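Listed here are the chains, written in short residue letters.
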Amino acid sequence: MQSILTEVDEEGSVTRELGFDAGGKLIHRHPGEPALTENGVFDLVKVGPFSRTEMEPEEFDRLWVA
C-alpha cells in the first residue's frame, strides 16, 4: 500500500480504513461493502485521540463511497 487513510473515534479506535496504491487506486477498504479485505490493518490497535485531522470527515466519506 502506498498510503492509508483512517477514521478514528473518540476512544482512539480505528473505525474505517482506506488504502491506495502508488497510482491512487483504492486497494483496501475495511470494513464495509464491497469489502476488499477480511481484516483491517489497524484491528484492535488504539491510536489515541487527536485534536486535529488531516482531512475533513466529509472528504473521507466522499472517498469511502467512491
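Residues numbered from 1 in each chain as written. Predicted model: local features only at pLDDT ≥ 70, side-chain atom pairs only at ≥ 80, totals over all residues. Heavy atoms only, no water.

1. What to know about the overall build of the protein
- Along the backbone of the protein there are one helix and three strands.
- Counting helices and strands in the order they occur from the N terminus, the protein gives β-β-β-α.
- Looking at the protein as a whole, 21% of its 66 residues are labelled buried.
- Relative to all contacts within the protein whose residues are 6 or more apart in sequence, the contacts with residues 24 or more apart total 42%. (Helix = DSSP H or I, 4+ residues; strand = E, 2+ residues; numbered from the N terminus. Buried < 20%, exposed > 50% of the residue type's maximum accessible area, 1.4 Å probe, protein only. Contact = heavy atoms within 4.5 Å.)

2. Re the pairing of strand S2 (residues 14–20)
- Of all seven residues in S2, six are buried, a share of seventy percent or more.
- Two elements, strand S1 (residues 3–8) and S2, share six bridges in a ladder whose sense is antiparallel. Residue pairing in the sheet places Glu7 in a bridge with Arg16 of S2.
- Between the antiparallel neighbours S1 and S2 lie five residues, among them Gly12 with a positive phi of about 90 degrees. (Pairing = 2+ DSSP bridges.)

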